[in-house]
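# Structural overview
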Amino acid sequence: MKCVVLLLSLLSVGRSAPVSSCDTLINPITVSTEEILGKWIYVGGSSDLPGSRSFGFLLTSVWLNLTTTANSNVLNILQTQRINGDCSSMTYNVIFENSAMLIKEPFYLKDVFLPTGCSDCLLAYEEVISGKDTFTSLLLFSRKTNVSPDVVERLKKQAECLQMSSPIMMDPNNEICPDNLPPSDGLSALNSLFENKMAHRVARVLDVLFDVFVNW
Ligand SMILES: *[C@@H]1O[C@H](CO)[C@@H](O)[C@H](O)[C@H]1NC(C)=O
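Sequence order sets the numbering: in each chain, residues are counted from 1 along the sequence as written. With pLDDT at 70 or above as the cut-off, local features in this predicted model cover only qualifying residues; side-chain atom pairs require 80 or more to be listed or tallied, and sums for whole chains, interfaces and linings still use all residues. Side-chain measures here rest on the full set of heavy atoms in the structure, leaving out hydrogens and waters.

### Some details on the overall build of the protein chain
The criterion, for reference: Only runs of H or I of at least four residues qualify as helices and only runs of E of at least two qualify as strands under DSSP, and these elements are numbered from the N terminus. Throughout this description, buried means an accessible area under 20% of the type-specific maximum (1.4 Å probe, protein chains only), exposed means over 50%, and partly exposed covers the range between. Contact between two residues is taken to exist if any of their heavy atoms lie within 4.5 Å; hydrogens are not considered. Here the open area of atoms and residues is found with the Shrake-Rupley method and a 1.4 Å probe, where only the protein chains shown may cover a residue.
Across its full length, the protein chain holds five helices and 10 strands. Burial analysis of the protein chain (216 residues in total) assigns 39% to the buried set. A sequence separation of at least 24 residues applies to 59% of the contacts in the protein chain between residues at least 6 apart. Counting only carbon and sulfur atoms, one obtains 60% of the accessible surface of the protein chain, whose full area is about 12,300 Å².

Set out below in structure tokens:
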């Protein structure tokens, strides 16, 4: 009888293992200002922002440069991307405290950081609330343009745990943009991206078609 109980409890431990492994993959980690500063190259991720799947192929490279400001809990982000071959830069400030990144206006954005399989990576789990819309993204950055396959496998697992669509990885051979472009106001650019409901409707349909016909 004791034996059966032991066996049953072992079985139930075995069965609960996948759940706890999700816990360790998606529990936010602590990140210090020193660790987060500097240049980060976007290597891949998953997002439910309309268009991120269907039009994602137009976005061929993104990098960020995080720097301090006069205010100790405010960081400046310079974001440079290549869209459809053209490079552009934008800049915006974020609050960084308690290992989370925050924008309160004109939309709400919160990034927390999740564990990764590599020492020079940063994985952001991002939630954006714009009006009645909420968008979530999982964004993997690295100090280098590519990461090892096990990091990608882990990212896929993390997306699964978070019930997000399968990550789309950037091509590490894509040319990244130079670092001397004059930046525009990032908050207003991001805000119009989040607020464009008409474009979201079209893009949502395209994203579904993309996943059905291209990405399966
Ligand atoms: C990032 O910003 C710092 C501080 O302004 C600067 O020294 C560094 O050259 C920048 N790096 C890039 C790649 O723009």
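### Focus: the pairing of strand 6 (residues 108-114)
Here is the rule we go by: Note: two strands are recorded as paired if DSSP finds a minimum of 2 bridges between them.
Most of strand 6 is tucked away: five of the seven residues are buried. Where strand 5 (residues 100-103) and strand 6 come together, four bridges link them in antiparallel fashion. Looking across to strand 6, one finds that leucine 102 is bridged to lysine 110. Hairpin connection of strand 5 to strand 6: four residues between the antiparallel strands. Alignment of strand 6 against strand 7 (residues 121-130), held across seven bridges, turns out to be antiparallel.

### Notes on the packing of aromatic side chains
Heads up, the rule is: Aromatic pairing here means that ring centres of Phe, Tyr or Trp (its six-membered ring) are within 6.5 Å. Orientation follows from the plane angle: under 30 degrees is stacked, over 60 is edge-to-face, and everything else is tilted.
Taken as a whole and assessed by the stated rule, the structure comprises three aromatic pairs. For the ring pair phenylalanine 107 and phenylalanine 194, a centre distance of 4.8 Å and an interplane angle of 80° mean the geometry is edge-to-face. One end of the pair, phenylalanine 107, is in the loop between strand 5 and strand 6; the other, phenylalanine 194, is in helix 4 (residues 186-195), with 87 residues separating them in the sequence. One exposure class covers both phenylalanine 107 and phenylalanine 194, and it is buried.

### Considerations on the site of the ligand
Rules: Residues are labelled near a given molecule or strand when at least one of their non-hydrogen atoms is within 4 Å of it. Any pair of N or O atoms that falls within 3.5 Å is considered a polar contact. Within protein, one atom must be able to donate a hydrogen and the other to accept it, and sequence-neighbouring residues count only if both atoms are side-chain atoms.
By nearness alone, every residue bordering the ligand is listed as Lys39, Trp63, Asn65, Thr67 and Asp179. One of the side-chain N or O atoms of asparagine 65 is found 2.3 Å from an oxygen atom in the ligand. Across the complex, the protein chains shield 44% of the 360 Å² of accessible surface that the ligand would expose by itself. Per element, the largest residue contribution to the shell around the ligand is three residues, and it comes from strand 2 (residues 59-68).

### Considering the environment of glycine 38
Structurally, the position occupied by glycine 38 is in strand 1 (residues 38-47). The spatial distance from the C-alpha of glycine 38 to the C-alpha of arginine 143 is 8.9 Å, given a sequence separation of 105 residues. The contacts of glycine 38, once residues within four sequence positions are left out, are Leu64, Asn65, Leu66 and Arg143.

### Considering the confidence of the model for the protein chain
Rules: Confidence of the predictor in every single residue is expressed as pLDDT, which spans 0 to 100.
For the protein chain, per-residue confidence averages 86 on the pLDDT scale, and residues scoring 70 or more make up 88% of the total. Here residues 3-8 scores under 50 on pLDDT; set against residues more than four positions off or in separate chains, the count is zero contacts. Contacts from residues 10-17, a stretch scored under 50 in pLDDT, to residues over four places away or in other chains number zero contacts.

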